[in-house]
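Spelled out from the first residue to the last, the chains are:
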Amino acid sequence: MKYLIIGAGGTGGILGAYMTKAGKNVTLIARNAHLAAMKEHGLTVRHLWDETVETIPVQAENMESYEKKIETAGEEEKPDVILVCVKGYSLDSTVPFIRKIAKKSTIVIPILNIYGTGRRLQEKLPGILVTDGCIYVSANIKQAGVLLQHGEILRVFFGVREKEDLKKLNGQLNGEYKAERLLKKIAQDFKDSGIDGILSDNIKRDALTKFSYVSPIGTAGLYLHAVAGDFQREGEARELFKTLIREIVTLANAMGITFEEDLVERNLKILSNLPEEATTSMQRDVIEGKQSEIDGLVYEVVRMAEKYGAEVPAYRRAAEKFLEMEVK
């Protein structure tokens, strides 16, 4: 199984490091100083929970050099699995690249913070299977070639949205694999690598469950300029966080999706394990004047609520404030 991971930051880089260490065939797509550092020194991962450090010699390329490699080597070198681990605003830029280097049986798994990216990417890549996916990990790039992993949790959910997608893939595999077997092999490769890989039978629910944490914490954090410690204590920040989670549940119900657990309790438990000073990547990007994922994490919630007739007043207030601030 040949894996290609587009993006080598706190999501793709961590997955690539763990899978490479386990002996899987993985190539990371990166650029600029981060790529140069990985090619020269390998990828260093600092585990903050036990203060250990390891450097892993990874395969890393940029898009251009990988395309040339595929052109030279031919069909047999094309990836079996592509993990898309970029920020939501960079998703469209991966499409022309994927079209050039994928084969008909390649499975594309987007692992982003934004809900619904698999469906949107599938519309742009009709000839291959695009699943949905999400990840639980807290990590970021510290400097070129160095990642910080803040906690031990490393869990990936992925799966097809509709059963018909499996039938389509079976027709493209020429009998070599059944689609279900191939997806189970991906989950096993994750587990072999120390990653809790879960092949979901309800990825719409599982992806929205993850979104019910990352969207509210990012929205509330930016709205109130709050850090994890503010949410861990009783007060305005914690109450807003809980309100936003409940609005995601309201939206989910309008979409016909129900949850098997109390998402407020679940997400507060996740929050309790964060360092007090922790912030979200969206907060950091906005504060630093960088492009952020605010469209997919905040404005998209308002658009979805309008589409499905759900009431999300706290999200609307936050969106209005951010638009007044001209945050995009």
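The present account deals with the structure reproduced in this document.

With that settled, the discussion passes to the pairing of strand S6 (residues 81-84). The alternating pattern of S6 places Val81 and Leu83 on one face and Ile82 and Val84 on the opposite face, and all of these are buried. For strand S1 (residues 2-6) and S6, the ladder comprises four bridges, and the chain directions are parallel. If you follow Leu4 over to S6, its bridge partner there is Ile82. Pairing between S6 and strand S7 (residues 107-110): four bridges, direction parallel. Pairing of Val84 across the sheet is with Pro110, part of S7. You can see the chain leave S6, run along helix H4 (residues 95-101) and come back into S7, and the turn it takes is right-handed.

One pass over the structure, following the stated rule, counts one cavity of 30 Å³ or more. For the largest cavity, the calculated volume is near 70 Å³. Lining the largest cavity, in full, are Leu112, Asn113, Ile114, Tyr115, Gly116, Thr117, Asp132, Gly133, Cys134, Ala207, Lys210 and Phe211. Listing elements by their share of the lining of the largest cavity, those giving two or more residues are strand S9 (132-136) and helix H8 (203-224). Broken down by class, the residue content of the lining of the largest cavity amounts to six nonpolar, four polar and two charged.

Next up on the list: the packing of helix H10 (residues 236-254) against helix H14 (residues 313-324). Closest axis-to-axis distance for the H10/H14 pair is 8 Å, and the angle between their directions is 115°. Judged on the interaxial angle alone, H14 and H10 are roughly perpendicular. In contact with Leu240, Thr243, Leu244, Glu247 and Ile248 of H10, H14 contributes Pro313, Ala314 and Tyr315. Residues of the contact of H10 with H14, tallied by class, amount to six nonpolar, one polar and one charged.

Tallied over the full model, the rule gives 24 salt bridges. Measuring nitrogen to oxygen at the nearest pair gives 3.3 Å for the salt bridge that ties Glu75 to Lys78. What makes Glu75 partly exposed here is its relative accessible area of 44%. Given the relative accessible area of 15%, Lys78 is considered buried. It is possible to trace a salt-bridge network through shared partners that takes in Lys24, Lys185, Asp189 and Asp192.

How each quantity is defined
- Residues numbered from 1 in each chain as written.
- Predicted model: local features only at pLDDT ≥ 70, side-chain atom pairs only at ≥ 80, totals over all residues.
- Heavy atoms only, no water.
- Buried < 20%, exposed > 50% of the residue type's maximum accessible area, 1.4 Å probe, protein only.
- Helix = DSSP H or I, 4+ residues; strand = E, 2+ residues; numbered from the N terminus.
- Pairing = 2+ DSSP bridges.
- Right-handed = clockwise from strand over helix to strand, strands pointing away.
- 1 Å grid on protein atoms, 1.4 Å probe; cavity = no way out; pocket = protein on both sides within 12 Å on 5 of 7 lines; lining within 4 Å.
- Points joined across faces, edges and corners; volume = space filled by probe spheres on them.
- Nonpolar A, V, L, I, M, F, W, Y, C, P; charged D, E, K, R; others polar.
- Axes fitted to C-alpha atoms, helices over the stretch in contact; angles between N-to-C directions.
- Parallel < 35°, antiparallel > 145°, perpendicular 65-115°, else oblique.
- Contact = heavy atoms within 4.5 Å.
- Salt bridge = Lys/Arg side-chain N within 4 Å of Asp/Glu carboxyl O.

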